[in-house]
Amino acid sequence: MLRAQLETNLLGWHDLTRRLLPTMRRRGTGRIIQNSSVLGFVALAYRGAYNASKYALEGLSDTLRLELRGTGIHVSLI
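Residues numbered from 1 in each chain as written. Predicted model: local features only at pLDDT ≥ 70, side-chain atom pairs only at ≥ 80, totals over all residues. Heavy atoms only, no water.

### So, the nonpolar core
The test is simple: We call a set of buried Ala, Val, Leu, Ile, Met, Phe, Trp, Tyr and Cys residues a nonpolar core when their side-chain atoms join them within 4.5 Å. Only protein chains enter the accessibility calculation, which uses a 1.4 Å probe; a residue whose area is less than 20% of its type maximum is buried, one above 50% is exposed, and one in between is partly exposed. Only DSSP runs of H or I covering at least 4 residues are called helices, and only runs of E covering at least 2 are called strands; the numbering of each starts at the N terminus. Throughout, a residue-residue contact means that at least one pair of heavy atoms, one from each residue, lies within 4.5 Å.
Listed in full, the seven residues of the largest apolar core are Leu21, Met24, Ile32, Leu64, Leu68, Ile73 and Val75. Elements supplying a minimum of two residues to this core: α1 (2–27) and β2 (73–77). Apart from residues lying up to four places away in sequence, Leu21 is in contact with Ile32, Leu64, Leu68 and Ile73.

This is how it looks when you write it as structure tokens:
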């Protein structure tokens, strides 16, 4: 279950982002929109795999936002 959640909620976003970034960099603009959850901030019992995937997405998005600062590519988390 954990592997499936991470593949869907984290690694899928990461793979798509890596594929799109070269084009966004060439254009000098873009917006990456990722879908998180309140469970990316607050854990809920019996939702460990989902909580972990959303916490990880929050951290990855925050890091990506910092790494892309000044490039014209913006990261949004909804």
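Here the narrative resumes, following the displayed structure.
### Some words on the packing of α1 against helix α2 (residues 48–67)
In plain terms, the rule: Lines fitted to the C-alpha atoms define the axes, with helices restricted to the stretch that makes contact. Angles between their N-to-C directions range from 0 to 180 degrees. Relative orientations are named as follows: roughly parallel for angles under 35 degrees, roughly antiparallel for angles over 145 degrees, roughly perpendicular for angles from 65 to 115 degrees, and oblique for any other angle. Two helices that cross are described as forming a left-handed crossing if the nearer one is turned anticlockwise from the farther one by less than a right angle, and a right-handed crossing if clockwise. Each residue gets one of three labels, nonpolar for Ala, Val, Leu, Ile, Met, Phe, Trp, Tyr, Cys and Pro, charged for Asp, Glu, Lys and Arg, and polar for the others, Gly among them.
Here α1 crosses α2 at 20°, and the two axes come no closer than 7 Å. What the angle tells us is that α1 and α2 run roughly parallel. Considering only the axes of α1 and α2, their crossing is right-handed. Between α1 and α2, the contacting residues are Leu2, Gln5, Leu6, Asn9, Leu10, Trp13, His14, Thr17 and Leu21 on the first element and Ala49, Tyr50, Ala52, Ser53, Lys54, Ala56, Leu57, Leu60 and Leu64 on the second. When grouped by side-chain class, the residues that make up the contact of α1 with α2 number twelve nonpolar, five polar and one charged.

### A word on α1
Rules: Given a helix with a known number of residues, its expected span is that number minus one, times 1.5 Å. Bend is the name given here to the angle between axes fitted to two runs of seven residues, the run ending at a residue and the run starting at it.
Between the first and last C-alpha of α1 there are 36 Å, a value that for 26 residues agrees with the 38 Å anticipated at 1.5 Å per step. At Leu11, α1 shows its strongest bend, of approximately 40°. Considered for burial, the residues of α1 that qualify are Gln5, Asn9, Leu10, Thr17, Leu21 and Met24. On its buried side, α1 packs onto β1 (30–34), α2 and β2. Immediately downstream of α1, the backbone of Gly28 shows phi near 75°, a positive value.

### Comments concerning the pattern of salt bridges
Pairs can form between side chains of opposite charge whenever their charged atoms are close. To be explicit about the condition: We define a salt bridge as a side-chain nitrogen of Lys or Arg found within 4 Å of a carboxyl oxygen belonging to Asp or Glu.
On inspection of all chains with the given rule, the structure shows two salt bridges. In this structure, the salt-bridge partner of Arg19 is Asp15, at a minimum N-O distance of 3.0 Å. Here Asp15 and Arg19 lie together in helix α1, a separation of four residues that amounts to about one turn. Asp62 is the salt-bridge partner of Arg65, the closest N and O atoms lying 2.8 Å from each other. Residue Arg65 and its partner Asp62 are both found in helix α2; the two are separated by three residues, about one turn of the helix. We classify Arg65 as partly exposed; its relative accessible area is 34%.

### Here we look at the pairing of β1
Just so we agree on the cut-off: Whether two strands pair depends on DSSP finding at least two bridges between them. Whether a crossover is right-handed depends on one test, that the path from the first strand over the helix to the second runs clockwise when the strands point away from the viewer.
Taking every second residue as pointing to the same face, the buried face of β1 carries Gly30, Ile32 and Gln34, while none of Arg31 and Ile33 on the other face is buried. Both β1 and β2 contribute to a ladder of five bridges, which runs parallel. Among the inter-strand pairings, Arg31 is bridged to a residue of β2, identified as His74. Note on the crossover from β1 through α2 to β2: the handedness is right-handed.

Function cannot be read off these values alone, since they describe shape.
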